[in-house]
Amino acid sequence: MPTPSMEDYIEQIYILIEDKGYARVSDIAENLEVHPSSVTKMVQKLDRDQYLNYEKYRGLILTPKGKKVGKRLVYRHELLEQFLELIGVDQENIYEDVEGIEHHMSWNSIDRIGDLVQFFEEDPVRVQALRKIQKKNEEQNGE
């Protein structure tokens, strides 16, 4: 299993490749706000662990294992954003909240959150009922 730090890199590499068709060390460093030397070290580790193939000055590609993990990590991130939005978390807090919790949840919990999101999205009346409850609680709490 990759570490949380490895997950951040795999997720970012997966996103870059999906969006641009490639992932460069400089792009990864910029997006993760780390030094290129840190990216190079992590990319070498991910290469050793067979998540990607890296050739110095030539770039990198995800292995099937890396693609599978990357896709799952992006799904987890997007699902948690969707969930927090669904339950009424303020938009400006969602990204940071997801970054704070995504590595600390089991895949079982992620799957159950997916079930809950699906349950609410299948019937808009359920979402409206949730919003009513939230509004009532906010009024009672003086928010």
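Our subject is the structure listed above.
Residues numbered from 1 in each chain as written. Predicted model: local features only at pLDDT ≥ 70, side-chain atom pairs only at ≥ 80, totals over all residues. Heavy atoms only, no water.

## Quick word on the layout of surface pockets
Empty space within the largest pocket amounts to approximately 320 Å³. Around the largest pocket, the lining residues are D8, E11, Q12, I15, N31, L32, E33, V74, H77, E78, Y95 and E99. Of all elements in the fold, only α1 (4–20), α2 (25–32), α4 (64–86) and α5 (91–101) reach the threshold of two or more residues within the lining of the largest pocket. Grouping the amino acids of the lining of the largest pocket by side-chain chemistry returns four nonpolar, three polar and five charged. (1 Å grid on protein atoms, 1.4 Å probe; cavity = no way out; pocket = protein on both sides within 12 Å on 5 of 7 lines; lining within 4 Å. Points joined across faces, edges and corners; volume = space filled by probe spheres on them. Helix = DSSP H or I, 4+ residues; strand = E, 2+ residues; numbered from the N terminus. Nonpolar A, V, L, I, M, F, W, Y, C, P; charged D, E, K, R; others polar.)

## Examining the packing of aromatic side chains
How two aromatic rings sit relative to each other is set out by the distance from centre to centre and by the angle between their planes. The final tally for this structure, using the stated rule, is one aromatic pair. Seen in terms of ring centroids, F119 and F120 are 5.6 Å apart; in terms of plane orientation they differ by 85°. Their pairing is edge-to-face. Here K65 stacks its cationic end above the ring of Y51, 4.3 Å away from the centre of that ring. In this arrangement the basic side chain of R126 is found over the ring face of F119, its NZ or CZ atom lying 3.8 Å from the centre. (Phe/Tyr/Trp six-rings, centres within 6.5 Å; stacked < 30°, edge-to-face > 60°. Lys NZ or Arg CZ within 6 Å of the ring centre and 35° of its normal.)

## Some points on α2
Three or more residues of α2 are buried, namely V25, D27, I28 and A29. Packed against the buried residues of α2 are α1, α3 (36–48), β1 (52–55) and β2 (59–62). (Buried < 20%, exposed > 50% of the residue type's maximum accessible area, 1.4 Å probe, protein only. Contact = heavy atoms within 4.5 Å.)

## Thoughts on the pairing of β2
Only one face of β2 is buried: it carries L60 and L62, and the other face, with G59 and I61, is open. Pairing analysis gives four bridges linking β1 to β2, with the strands arranged antiparallel. Residue pairing for β2: E55 is matched across the bridge by G59. Following β1, the chain reverses through three residues before pairing antiparallel with β2; Y57 in that reversal takes a positive phi of roughly 70°. (Pairing = 2+ DSSP bridges.)

## A look at α1
In this model, α1 (17 residues) spans 24 Å end to end at C-alpha, consistent with the 24 Å of a helix rising 1.5 Å per residue. Of the residues making up α1, those classed as buried are M6, E7, Y9, I10, E11, Q12, I13, Y14 and L16. Where α1 is buried, its residues contact α2, α3, β1, β2 and α4. Directly beyond the C-terminal end of α1, a positive phi value near 90° is found at G21. (Expected span 1.5 Å × (residues − 1).)

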